[in-house]
2 protein chains.
Amino acid sequence: MKNNDNPTMKDVAREAGVALGTVSRVINGIPVGESYRLRVEEAIEKLGYRVNSYARGLKTNRTNCVALLMPSLSHPFFAALTDKLTACLMKHGYRSILMITNYDPEAEKKCLVLGHENKVDGVIALTYSPDLQPDDATPMVTIDRHCGDSIPCVSSDNYRGGEIAAEKLAELGCRRLLFMSVASDIPGEVEKRGEGFEAACRRLHIAYEQIILHDRDTEAPFYDFLLRHIREGVPDFDGIFCNTDRLACRMRDFLLGQGIRIPEDVQLIGYDGITDYATGRYTCSTIVQPIAQIAETAVSLLLDTTGLAVPTNICLPVHYAPGGTTRE
Amino acid sequence: MKNNDNPTMKDVAREAGVALGTVSRVINGIPVGESYRLRVEEAIEKLGYRVNSYARGLKTNRTNCVALLMPSLSHPFFAALTDKLTACLMKHGYRSILMITNYDPEAEKKCLVLGHENKVDGVIALTYSPDLQPDDATPMVTIDRHCGDSIPCVSSDNYRGGEIAAEKLAELGCRRLLFMSVASDIPGEVEKRGEGFEAACRRLHIAYEQIILHDRDTEAPFYDFLLRHIREGVPDFDGIFCNTDRLACRMRDFLLGQGIRIPEDVQLIGYDGITDYATGRYTCSTIVQPIAQIAETAVSLLLDTTGLAVPTNICLPVHYAPGGTTRE
DNA sequence: GGCGTTTCGTGAAACGTTACACATCTTCTG
DNA sequence: CAGAAGATGTGTAACGTTTCACGAAACGCC
């Protein structure tokens, strides 16, 4: 499969006429006499030597690899998060091993075993088990789900996000609100969006209704629900909060197709701040999650883990971003 | 960072009272006497032994890791492809190391070096360099871009896809077509969609115009273009072909917002077949790429590489899928 | 100018596997 | 029944690094 005549440190040492240990020190940036260093660097250059991370990993028990557990990449939030996580890890000199779990706790466990075998230095998981535990002492950080006090979790302020959505809709003059959401069977941080929304509605004395689905694969019930609530082109609601931009975008598309004007007839707010769907010209209003910051926080939480520090849960702020108009 | 008292094969051997080699054979499925095998398996179970892939990789020079070079995950096609590739690789017992290149040829080269150091067994690249070469003898497969005769490339039939789009629009009665596209500076397979579209239009004697952008970051010129071509609510075009679903979806959203009916006033066809945007109720028509099949083909092309077989370019068929209506 | 102290290079011993030569024990064959 | 041919287990030498004890040279100090 591969012809394997890659030069090793030994070859470099011979070429440079120095000891093996000296080559190692040059490579690892440990002080070495100027003339030696130059000779070694020259030899490395000449031979096209590349370090073998497997030999290094075996010896040092550190691999510079982090496992990323994601339920799927077809949801744009996960894709964006994975994108940022990978970029951020690379910046820190880490490689990311991507594992797709399909929302399946069993698969998640298998991935952790695989990660253990692969000696990853850490795991960042967006898990759908209530209590995922690292397979061994590998450090782990979760996103959007608490998995016990020993595992730090980073999320954005979903509860507050829900509140903001309701407040914003109220501010825009809406009085009959609808909350649409696809929820996980095991409630995690994400489900707090609904709680926050509900609390704010109650506090503001605004009528609200909700439709919550547990099936990720079809949006048909949403359409049916909306159709039932549109009488002669006028919807029962004047404000809708969707718990993802993707959902908001589809509902918007549907409503526009029904001849309902947005935002004139119905105000629509999504959630996530995915630029694909929101925060541009002609796009949805949204509650923006600081995706890049979530990724950075997760990474630094993971890499700083000293074994001594107390695991911290970090909750990052969200904000409202108005969408563009649909008319010019 | 990690307490490291993981049991090794030596521990297992001692526990089971057999030789090291025997443990190795059990683990690797090489025939071993029944009683020995049981003893070893028991010891493995009892100690919670896990193979150390770094030791194994060092010895065998095979790592069961494949590097995935992707320009970004924020485009849903790349995300979906990465999702499928990873799933497919996992099924074959391979792990995928994800590398994000940001469409940057320099970054791509660095990723290949990183891959080499990490001793990946192969590389699957969606590259934006015209001539990406593997850093060493590592097998490589590209997607949607030919990088020389020695490197197999898998893509779908973009030229035909463009043709189909034009034919379909013609069939639906359209006579003034528009092609909208975001194109790469260095034309790859993807740019053939436009060629096919153009050729078909000419062949069918249908008028067409096109707007091709080279900036991935803004869609403003598209909106401006459309606005210039809408006179008193009536667009100059009765059929639009967008070179991605994402683009089609945004244009559709915009047109609907302008009060233009789809598909009554304007027929719209996207490209990719991303379920997020197309092929559902209330969604765009599209040319469907067989994403899962592309992923599977790339993987099997990569893993079957024997060093002897002639590199093959594979072109998979695409098909048209009608979108849902916007009215009920 | 001897003597500690620092600086820097050397060589060998790990790290946890696999693979291979060898030993041992059966089984077959003429 | 001797000897060849298979099974099957053992022990050890790699794989390419890092690390560490050691030695050699250079330096400063009273």
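I will try to describe carefully the structure that is included in this document. (Residues numbered from 1 in each chain as written. Chains lettered and ligands numbered in written order. Predicted model: local features only at pLDDT ≥ 70, side-chain atom pairs only at ≥ 80, totals over all residues. Heavy atoms only, no water.)

**Thoughts on the nonpolar core**
Quick note on the threshold: Think of a nonpolar core as a cluster: buried Ala, Val, Leu, Ile, Met, Phe, Trp, Tyr and Cys residues, connected wherever their side-chain atoms sit within 4.5 Å. Note on classification: 1.4 Å probe, protein chains only; a residue is buried when its accessible area is under 20% of the maximum for its type, exposed when over 50%, partly exposed between these limits.
Counting 66 residues, the largest nonpolar core has A:Leu81, A:Leu85, B:Leu81 and B:Leu85 as its most contacted members. In this structure, A:Cys242, A:Leu255, B:Phe225 and B:Ile230 belong to the second largest nonpolar core, which totals 46 residues.

**So, the side chain of B:Arg145**
Residues and elements named next belong to chain B. We count it as follows: Helix numbering and strand numbering both begin at the N terminus, where a helix is a DSSP run of H or I of at least 4 residues and a strand a DSSP run of E of at least 2. In protein, a polar contact requires one atom able to donate a hydrogen and another able to accept it; more generally it is a pair of N or O atoms within 3.5 Å, and residues adjacent in sequence count only if both atoms are side-chain atoms. Note on contacts: a residue pair is in contact if any heavy atoms of the two residues lie within 4.5 Å.
Locating Arg-145 in the fold gives a position in the loop between strand E4 (140–143) and strand E5 (153–156). Within the structure, the side chain of Arg-145 is placed 2.7 Å from the backbone oxygen of Thr-127, a separation counted as a polar contact. Within polar-contact distance, the side chain of Arg-145 engages the backbone oxygen of Ile-186 at 2.9 Å. Residue contacts for Arg-145: discarding those within four places in its chain leaves Thr-127, Tyr-128, Ser-129, Pro-130, Cys-153, Ser-184, Ile-186, Pro-187, Gly-188 and Glu-189.

**Details of the packing of aromatic side chains**
Stated formally: Paired rings are identified among Phe, Tyr and Trp, the last through its six-membered ring, by centres lying within 6.5 Å, and are further divided according to the angle between planes into stacked (under 30 degrees), edge-to-face (over 60) and tilted (the rest). Note on criteria: charge over ring means Lys NZ or Arg CZ within 6 Å of the ring centre, with the direction from the centre no more than 35 degrees off the ring normal.
Using the criterion set out here, one finds 21 aromatic pairs over all chains in the structure. Measuring from ring centre to ring centre gives 6.2 Å for A:Phe225 and A:Phe237, while their planes differ by 15 degrees; the resulting arrangement is stacked. With A:Phe225 in helix H9 (residues 220–228) and A:Phe237 in the loop between strand E9 (234–235) and strand E10 (239–242), this pair connects stretches of sequence that are twelve residues apart. For the residue pair A:Phe225 and A:Phe237, the accessibility class agrees, reading buried in each case. Every member of this aromatic cluster is reached through a ring pair, and the members are A:Phe179, A:Phe197, A:Tyr208, A:Phe241 and A:Tyr271. The ring of A:Tyr128 carries A:Arg145 above its face, with NZ or CZ at 5.2 Å from the centroid. The ring of B:Tyr36 is capped by B:Arg39, whose NZ or CZ atom sits 5.1 Å from the centre of that ring.

**Some remarks on the relation of the copies chain B and chain A**
Rules: Copies are brought into register by a least-squares superposition over C-alpha atoms of residues with pLDDT of at least 70 in both.
Overlay of chain B on chain A (RMSD 0.1 Å): rotation 180 degrees, translation along the axis 0.0 Å. In symmetry terms, the pair is related by a two-fold rotation axis. Across chain B, the rotation axis passes nearest the C-alpha of B:Ile97, at a separation of 2.3 Å. Of all interface residues in chain B, 100% are interface residues in chain A too; the two copies therefore contact each other through one and the same surface.

**Things to note about the protein's contact with DNA strand C**
This is how the line gets drawn: Throughout, near means a residue has at least one heavy atom within 4 Å of the molecule or strand.
Around DNA strand C sit 22 residues in total, of which A:Thr22, A:Gly33, B:Met9, B:Tyr49 and B:Lys59 are the nearest. In DNA strand C, atoms within 4 Å of the protein come from the sugar-phosphate backbone in 71% of cases. Residue A:Lys59 places a side-chain N or O atom 2.9 Å away from a base nitrogen belonging to DNA strand C. Between DNA strand C and B:Lys59 there is a distance of 3.5 Å, counted from a base oxygen to a side-chain nitrogen or oxygen. Where the surface near DNA strand C is concerned, the elements lending two or more residues are helix H2 (20–27) and helix H4 (53–60) of chain A together with helix H2 (20–27) and helix H4 (53–60) of chain B. Ranked by residues supplied to the surface near DNA strand C, first place goes to H4(B) with four residues.

**So, the layout of surface pockets**
To be explicit about the condition: For cavity detection a 1 Å grid was placed over the protein atoms alone, and a set of points counts as a cavity when a 1.4 Å probe fits there but cannot get out; an open set counts as a pocket when protein lies on both sides within 12 Å along at least five of seven lines, with lining residues being those that have an atom within 4 Å of a point. Grid points are joined across faces, edges and corners, and a volume is the space filled by probe spheres set on the points. Following the grouping adopted for this structure description, the nonpolar residues are Ala, Val, Leu, Ile, Met, Phe, Trp, Tyr, Cys and Pro, the charged ones are Asp, Glu, Lys and Arg, and the polar ones are all others, Gly among them.
The volume enclosed by the second largest pocket comes to roughly 660 Å³. Lining the second largest pocket we find 29 residues, and of these B:Val51, B:Asn52, B:Ser53, B:Ala55 and B:Arg56 sit closest to its centre. For the lining of the second largest pocket, the elements supplying multiple residues, two or more each, are helix H6 (105–117) of chain A together with H2 and H4 of chain B. By residue number, the principal contributor to the lining of the second largest pocket is H4(B), which donates six residues. Grouping the amino acids of the lining of the second largest pocket by side-chain chemistry returns seven nonpolar, 14 polar and eight charged.

**With respect to the side chain of A:Arg193**
Residue and element names in this part refer to chain A. Considering the arrangement of structural elements, one finds Arg-193 in helix H8 (residues 192–204). Under the relative-accessibility criterion, Arg-193 is labelled buried at 3%. At 2.7 Å, the side chain of Arg-193 forms a polar contact with the side chain of Asn-158. Once residues lying within four places of it in the same chain are set aside, the contact partners of Arg-193 are Asn-158, Gly-162, Phe-241, Asn-243, Thr-244, Tyr-271, Asp-272 and Gln-289.

**Things to note about the sheet that holds strand E14 (residues 319–321) of chain A**
Residues and elements named next belong to chain A. Heads up, the rule is: At least two DSSP bridges between two strands are required for those strands to pair. Every axis in this analysis is a line fitted to C-alpha atoms, fitted for helices over the stretch in contact. Angles between the N-to-C directions lie between 0 and 180 degrees.
Here we have six strands laid out as an open sheet, ordered E7-E6-E10-E11-E12-E14, and mixed in their pairing. A strand with exactly one partner marks an edge of an open sheet, and here the two such strands are strand E7 (207–213) and E14. Taken pair by pair, the neighbouring strands of this sheet meet at an average axis angle of 20 degrees, ignoring direction. As paired elements, strand E12 (residues 285–288) and E14 share three bridges and run antiparallel to each other. Across the sheet, residue Val-288 finds its bridge partner in E14, namely His-319.

**Quick notes on the environment of B:Leu256**
All names here are of chain B. For Leu-256, the location among the structural elements is in helix H10 (residues 245–257). Classification of Leu-256 as buried rests on a relative accessible area of 6%. Here the alpha-carbon distance between Leu-256 and Ser-155, two residues 101 residues apart in the chain, equals 33 Å.

**Some words on the protein's contact with DNA strand D**
Around DNA strand D, 23 residues are found, and the nearest of them are A:Met9, A:Tyr49, A:Arg56, A:Lys59 and B:Thr22. Atoms of DNA strand D within 4 Å of the protein: sugar and phosphate make up 68%, bases the balance. A distance of 3.1 Å separates a base nitrogen of DNA strand D from a polar atom in the side chain of B:Arg25. Secondary structure elements with two or more residues in the surface near DNA strand D: H2 and H4 of chain A together with H2 and H4 of chain B. Among the elements that line the surface near DNA strand D, the one with the most residues is H4(A), at four residues. Split into classes, the residues belonging to the surface near DNA strand D amount to nine nonpolar, nine polar and five charged.

**So, the sheet that holds strand E5 (residues 153–156) of chain A**
Backbone hydrogen bonds hold the strands of a sheet together, and the pairing may be parallel or antiparallel. As summarised here, the arrangement of the twelve strands in space is E13(A)-E5(A)-E4(A)-E3(A)-E1(A)-E2(A)-E2(B)-E1(B)-E3(B)-E4(B)-E5(B)-E13(B), forming an open sheet in which the pairing is mixed. On the outer flanks of this sheet lie strand E13 (314–316) of chain A together with strand E13 (314–316) of chain B, each paired with one strand and no other. Within this sheet the neighbouring strands show an average axis-to-axis angle of 20 degrees, counted without direction. Relative to strand E2 (residues 95–100) of chain A, strand E1 (residues 65–70) of chain A runs parallel, the two sharing six bridges. Its bridge partner being in E2(A), A:Val66 is matched across the sheet by A:Ser96. In the packing of helix H5 (residues 76–91) of chain A onto the sheet, contacts are made with E1, E2, strand E3 (122–125) and strand E4 (140–143) of chain A together with strand E2 (95–100) of chain B, and the angle to E1(A) comes to roughly 175 degrees.

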